[in-house]
Amino acid sequence: MKELSGASLHLALIHYPVVNKNGETIASAVTNLDIHDIARISRTYGIRSFHIVTPLKDQQVLVRRIISHWLTGGGADYNSDRRDALSLIRLQSSVADAVAEIREAGAGTPKLVATCARMRPESVGYTVMREFIAEGRPCLLCFGTAWGLPETFLKEADYVLDPIDGGTGYNHLSVRSAVSIILDRLVGQYR
């Protein structure tokens with residue numbers, strides 16, 4: 001198997017479409033912690049781009065303001081490591097826009113890899129996905145906020161990853177924690 005790298009892997013943090021605890025499709029709010037932490041995680045694992053997906057204009061303004069502070073504002077001089085991580089962020093109105101940008105950047109059309117906290121019959125394991133990534137195939141790894149991605153999204157994805165299972169029956173991780181664990185399983189280097 002080839003050396004693992006996140007170079008063909010792109011990440012999307014989806015705020016719409018997602019579901020609430022009642023299973024209704026909603027748009028969730030962007031959080032400052034997710035922006036910073038997931039950008040830093042993405043940079044650590046060599047992810048090609050980190051797409052924040054929200055069609056809400058007020059949320060887009062917030063994301064642009066945060067990114068601007070760290071890329072060109074006072075934060076850029078204060079913390080160059082944070083600037084480096086946040087430079088991976090791409091703001092998109094839809095997942096289709098993220099796919100189009102990845103394709104137009106010359107990476108090819110990425111396979112959509114959805115994450116879900118529930119086991120599904122079509123779920124694939126981390127070993128299978130590690131092999132896929134090691135072959136250099138472009139993937140857009142999709143994480144839902146709120147209570148996760150809707151059923152329609154999961155059915156349309158090319159792959160759905162196995163859920164994280166801590167063996168306790170409890171599975172309600174923050175999206176930042178899930179991103180960390182999953183990226184480590186997919187492209188982490190072990191000795």
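Residues numbered from 1 in each chain as written. Predicted model: local features only at pLDDT ≥ 70, side-chain atom pairs only at ≥ 80, totals over all residues. Heavy atoms only, no water.

Draft legend 1. Highlighting the overall build of the protein. Assigned secondary structure in the protein consists of 8 helices and 8 strands. For the protein, the C-alpha radius of gyration of 16 Å lies close to 16 Å, the compact-globule estimate for 191 residues. In terms of its C-alpha atoms, the protein occupies a principal-axis envelope of roughly 45 × 45 × 35 Å. Sorting the 191 residues of the protein into buried and exposed places 47% on the buried side. Counted over contacts in the protein with a minimum sequence separation of 6, partners at least 24 positions apart contribute 79%. Positive and negative side-chain charges in the protein, numbering 21 and 20 respectively, have mean positions lying 2 Å apart. (Helix = DSSP H or I, 4+ residues; strand = E, 2+ residues; numbered from the N terminus. Rg over C-alpha atoms; globule rule 2.2 N^0.38 Å. Buried < 20%, exposed > 50% of the residue type's maximum accessible area, 1.4 Å probe, protein only. Contact = heavy atoms within 4.5 Å. Lys, Arg positive; Asp, Glu negative; His and termini not counted. Charge placed at Lys NZ, Arg CZ, Asp CG, Glu CD.)

Draft legend 2. Expanded view of the pattern of salt bridges. Enumeration according to the criterion identifies 8 salt bridges in this entry. A salt bridge links D84 to R43; the shortest N-O distance between them is 2.7 Å. Placement of D84 in helix 4 (residues 80-86) and of R43 in helix 1 (residues 32-44) is noted, with a sequence separation of 41 residues between them. On the basis of relative accessibility, which here comes to 35%, the residue D84 falls in the partly exposed class. The salt bridge partner of E101 is R90, with a shortest N-O separation of 3.3 Å. With a gap of 11 residues between them, E101 in helix 5 (residues 95-107) and R90 in strand 5 (residues 89-92) connect regions that are remote in the sequence. Here E101 falls in the partly exposed class, since its relative accessible area comes to 30%. Residues joined in a network through salt bridges with shared partners are D34, D37, R40 and R176. (Salt bridge = Lys/Arg side-chain N within 4 Å of Asp/Glu carboxyl O.)

Draft legend 3. Examining helix 5 more closely. Its 13 residues place the ends of helix 5 only 16 Å apart at the C-alpha level, less than the 18 Å of an ideal helix rising 1.5 Å per residue. Of all the residues in helix 5, the buried ones are V95, A98, V99, A100 and I102. In this structure, the buried side of helix 5 is in contact with strand 1 (9-14), strand 4 (49-53), strand 5, strand 6 (111-114), strand 7 (139-144) and helix 7 (151-156). (Expected span 1.5 Å × (residues − 1).)

Draft legend 4. Geometry of the sheet that holds strand 6. Taken together, the 6 strands give an open sheet; going across it, the order is 5-4-1-7-6-8, and neighbouring strands pair in parallel fashion. Of all strands in the sheet, those bounded by a partner on one side alone are strand 5 and strand 8 (159-160). The sheet strands contacting helix 1 are strand 1, strand 4 and strand 5, and the helix crosses strand 4 at an angle near 155°. Lying on the sheet, helix 2 (residues 57-71) is in contact with strand 4 and strand 5; it crosses strand 5 at an angle near 165°. (Pairing = 2+ DSSP bridges. Axes fitted to C-alpha atoms, helices over the stretch in contact; angles between N-to-C directions.)

Draft legend 5. Seen up close, the environment of I14. With respect to the helices, strands and loops of the structure, I14 is situated in strand 1. In this structure I14 comes out as buried when scored by relative accessible area, which is 0%. Separated by 166 residues in the primary sequence, I14 and S180 have C-alpha atoms spaced 16 Å apart. Those residues in contact with I14 that sit more than four places away from it in its chain are V53, V95, C142, F143, G144, T145, L149 and F153.

Draft legend 6. Main features of the side chain of Q92. Tracing the chain through its elements places Q92 in strand 5. Looking at Q92, its side chain comes within polar contact range of the side chain of H51, at 3.3 Å. Every residue in contact with Q92, bar those within four places of it in the chain, is listed here: H51, I52, V53, T54, Q60, D97, A98 and E101. (Polar contact = N/O pair within 3.5 Å; in protein donor to acceptor, adjacent residues only side chain to side chain.)

Draft legend 7. Highlighting the packing of aromatic side chains. Applying the stated criterion across every chain yields a total of 1 aromatic pair. When the ring centre of W70 is taken as origin, the NZ or CZ atom of R82, which lies over that ring, is 5.1 Å away. One Lys or Arg, R185, reaches over the ring of Y126 and ends 5.0 Å from the middle of that ring. (Phe/Tyr/Trp six-rings, centres within 6.5 Å; stacked < 30°, edge-to-face > 60°. Lys NZ or Arg CZ within 6 Å of the ring centre and 35° of its normal.)

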